[in-house]
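This is what each chain is made of:
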Amino acid sequence: MSNPSLLILPGDGIGPEVMAEVSKIIDWFGAKRGLKFDVSEDLVGGCAYDKHGTPLHDDTMAKAQEVDAVLLGAVGGPKYDVLDFSVKPERGLLRLRKEMDLYANLRPAQCFDALADFSSLKKDVVAGLDIMIVRELTSGVYFGEPRGIFEEGNERVGINTQRYTESEIDRVARSAFELAMKRGKKLCSMEKANVMESGILWREVVTEVGKDYPEVELSHMYADAGAMQLTRWPKQFDVIVTDNLFGDLLSDLAAMLTGSLGMLPSASLGAPMENGRPKALYEPVHGSAPDIAGQGKANPIACILSFAMALRYSFDKGDEAARVEEAVNAVLADGLRTADLLGEEGVQPVSTSEMGDAIVAKLEASL
Ligand code: IPM
Ligand code: MG
């Protein structure tokens, strides 16, 4: 049988630096755990625009559809701010999500013990935090029609449309309930059913799907109240399911509960392929951080943990994913910090590649 295939898209800014550390981890698994991958690499975002005049070449799109999993670094940068909307780096990422139909975006927010002091919230509010946001990723206001900037009388009007079909809500709700079953059996659905019809439908469909999961305790919250509760007492939540835009906002909020955006991975999953694996793309929640790109300051942990999610969700290697997560925990417990995690007195930051090497050394020690 051939090896499982990975397409690596490092992208822009700090993307290539953090992905280089993931490559070390992938190599380690090949050499030491007999877990070999067929790895290919390609361009996405601004770098793809520079070469091809489009943030995602059709050939890259086709490759992404064929592989077992895609690993993405980050896209974007100030250099591309002037580009037309249709070819901005972000459009490359959005095209991947849409055409691979990656409707369930899993964004865990986990507070590593060694970092509980880094949150802007009190330590007891975040210590031990382990929640999962499931964000709908292929519909809603990100993609709804009509959209555009139109002339209306003597002025222009900007239009985007929030639109959800029952089946779109149903499938992401099922993903969230399935996850809740494997975790703490609690699911909170967030929308704004008080002002939006799409929110009313969302609540109805999620409630209906919930009948298939009687063991899961389902609750509903307006998304604004959800934001408040996430900062007040985040540990009340286990799994949260929400739409594309609310999920974008709430996942950034949840990320900061853990101290640094540099720590958080994500998985975007679609329907199962012929081989039973879900269509999948893994990427850190953080962006391309152009201000620190190329300086060895970036934290590679979010990208490394995204690969751990790939091991768990695409390759059914939960034990090996846990091995990576424990290695990360161990380097943090040793006091290793990249520049985004400074604050403690007398701590010198380690570089991106030193952090990657230290994690590999912990993996080695785990054997
Ligand atoms: C995210 C990002 C993207 C989004 C951007 C880069 C298009 O903020 O993945 O959360 O809005 O979905
Ligand atoms: Mg975002």
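Residues numbered from 1 in each chain as written. Chains lettered and ligands numbered in written order. Predicted model: local features only at pLDDT ≥ 70, side-chain atom pairs only at ≥ 80, totals over all residues. Heavy atoms only, no water.

In the annotation of an unreviewed UniProt entry, the protein chain is listed under the name 3-isopropylmalate dehydrogenase and assigned to Rhodalgimonas zhirmunskyi. Word for word, the UniProt comment on the protein chain under Subunit (unreviewed entry) is "Homodimer." The annotation that UniProt attaches to the protein chain under Pathway (unreviewed entry) is "Amino-acid biosynthesis; L-leucine biosynthesis; L-leucine from 3-methyl-2-oxobutanoate: step 3/4." (UniProt positions renumbered as here; feature names shortened; annotations may be inferred.)

Caption draft 1: Inspection of the overall build of the protein chain at higher detail. Regarding its fold elements, the protein chain presents twelve helices and twelve strands. In terms of C-alpha radius of gyration, the protein chain reaches 20 Å, essentially the compact-globule figure of 21 Å for 367 residues. For the C-alpha atoms alone, the extent of the protein chain along its principal axes is close to 60 × 50 × 50 Å. Residue burial in the protein chain is summarised as follows: out of 367 residues, 52% are buried. Counting only contacts in the protein chain whose residues sit at least 6 apart along the sequence, the fraction spanning at least 24 positions is 75%. As presented, the protein chain carries roughly 16,000 Å² of accessible surface, and 50% of it is formed by carbon and sulfur atoms. If you average the places of the 38 positive and of the 57 negative side-chain charges in the protein chain, the two averages end up 2 Å apart. (Helix = DSSP H or I, 4+ residues; strand = E, 2+ residues; numbered from the N terminus. Rg over C-alpha atoms; globule rule 2.2 N^0.38 Å. Buried < 20%, exposed > 50% of the residue type's maximum accessible area, 1.4 Å probe, protein only. Contact = heavy atoms within 4.5 Å. Areas by Shrake-Rupley, 256 points an atom, 1.4 Å probe, with all protein chains shown as cover. Lys, Arg positive; Asp, Glu negative; His and termini not counted. Charge placed at Lys NZ, Arg CZ, Asp CG, Glu CD.)

Caption draft 2: Spotlight on helix H10 (residues 301-313). The end-to-end C-alpha separation of H10 is 18 Å, in line with the 18 Å expected for 13 residues at 1.5 Å each. The buried fraction of H10 amounts to eleven of the 13 residues, a majority that puts the element mostly inside the structure. Turning to H10, its buried residues are Ile301, Ala302, Cys303, Ile304, Leu305, Ser306, Phe307, Ala308, Met309, Ala310 and Leu311. (Expected span 1.5 Å × (residues − 1).)

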